[in-house]
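An overview of the molecular structure
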Amino acid sequence: TGARARERVVTEIGGMPAAEAYAELVGVPVEALAPEVFARHPLLVRMGGRWYVRAIQKAHADGSLSVFCAIESGLVLSLGRNLDMVADLERVLDEARGRVGTPRLVIATECILRRLEAEALGLGPALARLFARHRLVGFSTYGEQAGAVHVNQTCTGVMLG
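These lines cover the structure that appears in this document, whether it is placed above or below. (Residues numbered from 1 in each chain as written. Predicted model: local features only at pLDDT ≥ 70, side-chain atom pairs only at ≥ 80, totals over all residues. Heavy atoms only, no water.)

1. Here's the deal with the nonpolar core
- In this structure, Val10, Tyr22, Leu33, Ile56, Leu65 and Leu77 are the most contacted members of the largest nonpolar core, which totals 22 residues.
- Taken together, the elements giving at least two residues each to this core come down to β2 (9–13), α1 (18–26), α2 (35–40), β4 (43–47), β7 (65–67) and β12 (149–151).
- At six residues, α1 tops the list of elements feeding residues into this core.
- Excluding residues within four positions of it along the chain, Ile56 makes contact with Tyr22, Phe38, Leu43, Leu65, Ser66, Val67 and Phe68.
- Ala96, Ala108, Leu127 and Phe131 belong to the second-largest nonpolar core, a separate cluster that totals 14 residues. (Core = buried A, V, L, I, M, F, W, Y, C linked by side-chain atoms within 4.5 Å. Buried < 20%, exposed > 50% of the residue type's maximum accessible area, 1.4 Å probe, protein only. Helix = DSSP H or I, 4+ residues; strand = E, 2+ residues; numbered from the N terminus. Contact = heavy atoms within 4.5 Å.)

Printed below as a string of structure tokens:
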């Protein structure tokens, strides 16, 4: 991976211009690269045995990609695959409910990229029903800080029971 770390720009992936390589990996023309595509096909980096999303912000005319998080030359980037967002969130909330009991309120923040993914996949109504059932309220963010690492495409909350 080639990068301009201070600018959070990926210049090259596997010896190709970053936007071209990414577009090829996700099966779309470079011209189709947009936030909805980036949200559905996140880049990942593995650090300390854990995977972290390096969410793409924008494709540039020079073939580079801006990312929301720190990036460095030489990092190995992988293409992530999405889980069923509704089923996965339902599972997590049910597990928490098993420990806390029926929630009085769940306050959650989710990365705006999750919201874009949900909209692109038409998941809004299913998520709204899930939020209502679990008394979930919240807002969108640009990611979160997990220890010393900024991560994207997260949903984090506090369940009050």
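2. Concerning the pattern of salt bridges
- Scanning all chains against the criterion turns up six salt bridges.
- Overlapping salt bridges bring together Asp88, Arg91 and Glu95 as one network. (Salt bridge = Lys/Arg side-chain N within 4 Å of Asp/Glu carboxyl O.)

3. Considerations on the sheet that holds strand β9 (residues 105–111)
- Read from one edge to the other, the open sheet built from three strands follows the order β10-β9-β13, with strand pairing classed as mixed. Edge positions in the sheet fall to β10 (136–141) and β13 (155–160), since each of these pairs with one other strand and no more. Strand-to-strand, the axes of this sheet are offset by a mean angle of 15°, without reference to chain direction.
- Here β9 runs beside β13; their pairing, made up of six bridges, is antiparallel. Paired with Leu105 across the bridge in β13 is Leu160.
- Here helix α4 (residues 112–120) sits on the sheet in contact with β9, β10 and β13, set at roughly 90° to β9. (Pairing = 2+ DSSP bridges. Axes fitted to C-alpha atoms, helices over the stretch in contact; angles between N-to-C directions.)

4. Here we look at helix α5 (residues 124–133)
- Along α5, the residues that are buried comprise Leu127, Leu130 and Phe131. For α5, the arc enclosing every buried residue in end-on projection is 100°, short of the 170-degree limit, so these residues lie on one face. Of the exposed residues in α5, those oriented more than 90 degrees away from the buried face are Pro125, Arg129 and Ala132.
- Considering only its buried residues, α5 is in contact with α3 (85–100), α4 and β10.
- Directly beyond the C-terminal end of α5, a positive phi value near 55° is found at Arg135. (Arc of directions from axis to C-beta.)

5. Section: the sheet that holds strand β8 (residues 77–79)
- In spatial order, the strands read β5-β4-β8; together these three strands make up an open sheet with antiparallel pairing. The open sheet has two free edges, formed respectively by β5 (50–54) and β8, since each of these has just one partner strand. Direction aside, the axes of adjacent strands within the sheet are offset by 40° on average.

6. Quick look at the side chain of Glu90
- As for its position among the elements, Glu90 is in helix α3.
- There is a polar contact of 2.4 Å between the side chain of Glu90 and the side chain of Arg133.
- Excluding residues that lie within four positions of it along the chain, Glu90 makes contacts with Leu130, Arg133 and His134. (Polar contact = N/O pair within 3.5 Å; in protein donor to acceptor, adjacent residues only side chain to side chain.)

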